[in-house]
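Listed below are the residues making up each chain.
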2 protein chains.
Amino acid sequence: MKNNTIIDNEGIENPEKLNLKENNCAVTNVFKVIGGKWKVLLVNAIYNDCPKRFGELKREMENVITQATLTTQLRELERDGIICRKAYAESPPRVEYKLSELGKTLIPVIRSLETWWDAYSKCVSEQK
Amino acid sequence: MKNNTIIDNEGIENPEKLNLKENNCAVTNVFKVIGGKWKVLLVNAIYNDCPKRFGELKREMENVITQATLTTQLRELERDGIICRKAYAESPPRVEYKLSELGKTLIPVIRSLETWWDAYSKCVSEQK
DNA sequence: CAGAATCCTCCCGGATACTG
DNA sequence: CAGTATCCGGGAGGATTCTG
């Protein structure tokens, strides 16, 4: 509580640069967008089968994450402009998700992460 | 506690694929290695000025993270094979960090994440 | 069918103090 | 100088229940 009143700035000559304990590293910002535990999985799923209905995602993720968590992750991806949500005013209701144009630019980045992981894990397993 | 005895498997026909609530998505695994709040910053710092002494890192990160947190993050990076730690048996003690060969392969991946973030944030700020 | 609302748990990172 | 040791709070994500 005592530290809620802005951090002690003694000795800090350039507070802007430090951004007050916040880390404005670009990569850290990327993690805020796609670092959610299931987000890349969802982006891939929606990319591979587009548009994707909520019910399909739910079925595929069943017994892995709950519906509540699924909804939360999707909402955040939508808020950050990665996916588009379209609700049809029908009965029963239907909701479809697609990757936005911005979201599509993520795919190559995700692929490069996957490629790095493959090489990394292979290397790690070999050297022991 | 009740859920410690392996999760209810009813209705799961293919437990291996689900990996028991674990997410074996490659990208998620990458996040476990470099997803720590300050790790990419540290990797960049060590890469740009190699070898890097602990004291230098501490000074650069002063008023941003504590020494304890710095040590923890470095230890994890070392454990995961990204950086190499070399301690000299001198007095006063000296410790140097370098990127491992494996760690160097991270640099292009980090650059691609940075590039994506630049484009992303520009796009987001324009469209509102 | 799709989601909102609550409550709860776990763990990462932070503050502080002590050490060879 | 470069660490450990210990305690602690906050936030992400999960379980459960209720709704149009």
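Residues numbered from 1 in each chain as written. Chains lettered and ligands numbered in written order. Predicted model: local features only at pLDDT ≥ 70, side-chain atom pairs only at ≥ 80, totals over all residues. Heavy atoms only, no water.

By the naming in an unreviewed UniProt entry, chain A is Transcriptional regulator, HxlR family, taken from Olivibacter domesticus.

**Here we look at the UniProt feature "domain: HTH hxlR-type" (unreviewed entry) in chain A**
Mapped onto the present numbering, the UniProt feature "domain: HTH hxlR-type" (unreviewed entry) falls on residues 25-125 of chain A. Spanning residues 25-125 of chain A, this segment combines 63% helix with 14% strand, and its end C-alpha atoms are found 30 Å apart. (UniProt positions renumbered as here; feature names shortened; annotations may be inferred. Helix = DSSP H or I, 4+ residues; strand = E, 2+ residues; numbered from the N terminus.)

**Here we look at the confidence of the model for chain A**
Per-residue confidence for chain A averages 85 on the pLDDT scale, and 83% of its residues sit at or above 70. Scored below 50 in pLDDT, residues 1-20 of chain A shows 11 contacts in the model against residues more than four places distant or in partner chains. (pLDDT = per-residue confidence, 0-100. Contact = heavy atoms within 4.5 Å.)

**Concerning the packing of aromatic side chains**
Two measures describe an aromatic ring pair: the distance that separates the ring centres and the angle between the ring planes. Evaluated as defined, the whole model comprises 5 aromatic pairs over all chains. Plain terms: the ring middles of Trp116(A) and Tyr120(A) are 4.8 Å apart, the flat faces sit at 20 degrees to each other, and that makes the pair stacked. Here the residue Trp116(A) and the residue Tyr120(A) both occupy positions in helix H7 (residues 106-126), the gap between them amounting to 4 residues, near one helical turn. By the burial criterion, Trp116(A) is buried, and Tyr120(A) matches it. Of the aromatic side chains, those joined through ring pairs into one cluster are Trp116(A), Trp117(A) and Tyr120(A). Between the NZ or CZ atom of Arg94(B) and the centre of the ring of Tyr88(B), over which it lies, the distance is 4.0 Å. (Phe/Tyr/Trp six-rings, centres within 6.5 Å; stacked < 30°, edge-to-face > 60°. Buried < 20%, exposed > 50% of the residue type's maximum accessible area, 1.4 Å probe, protein only. Lys NZ or Arg CZ within 6 Å of the ring centre and 35° of its normal.)

**Considering the interface of chain A and chain B**
Counting residues at the interface gives 38 residues for chain A, matched by 37 residues for chain B. For the pair chain A and chain B, the summed buried surface comes to about 3,600 Å²; carbon and sulfur atoms form 73% of the total. Where chain A touches chain B, the interface holds 0 salt bridges. If you look at where chain A meets chain B, you find 4 residue pairs in polar contact (both at pLDDT 80 or more). (Buried area = accessible area lost by both parts, 1.4 Å probe. Salt bridge = Lys/Arg side-chain N within 4 Å of Asp/Glu carboxyl O. Polar contact = N/O pair within 3.5 Å; in protein donor to acceptor, adjacent residues only side chain to side chain.)

**Regarding the protein's contact with DNA strand C**
Around DNA strand C, the structure places 24 residues, and the nearest of them are Phe54(A), Gln67(A), Arg85(A), Thr66(B) and Thr69(B). Note that a phosphate oxygen of DNA strand C is positioned 2.5 Å from one of the side-chain N or O atoms of Arg85(A). Counted by class, the surface near DNA strand C contains 10 nonpolar, 7 polar and 7 charged residues. (Near = heavy atom within 4 Å. Nonpolar A, V, L, I, M, F, W, Y, C, P; charged D, E, K, R; others polar.)

**Considerations on the packing of helix H3 (residues 39-48) of chain B against helix H5 (residues 67-79) of chain B**
Helix packing geometry: the angle between the two helix axes and the distance between the axes. Residues and elements named next belong to chain B. One way to put it is that H3 packs onto H5 with a least axis distance of 10 Å and a crossing angle of 75 degrees. In terms of their interaxial angle, H3 and H5 are classed as roughly perpendicular. Residues Lys39, Leu42, Val43 and Ile46 of H3 touch H5, and the partners they reach there are Leu70, Gln73, Leu74, Glu76 and Leu77. Taken together, the residues of the contact of H3 with H5 break down into 6 nonpolar, 1 polar and 2 charged. (Axes fitted to C-alpha atoms, helices over the stretch in contact; angles between N-to-C directions. Parallel < 35°, antiparallel > 145°, perpendicular 65-115°, else oblique.)

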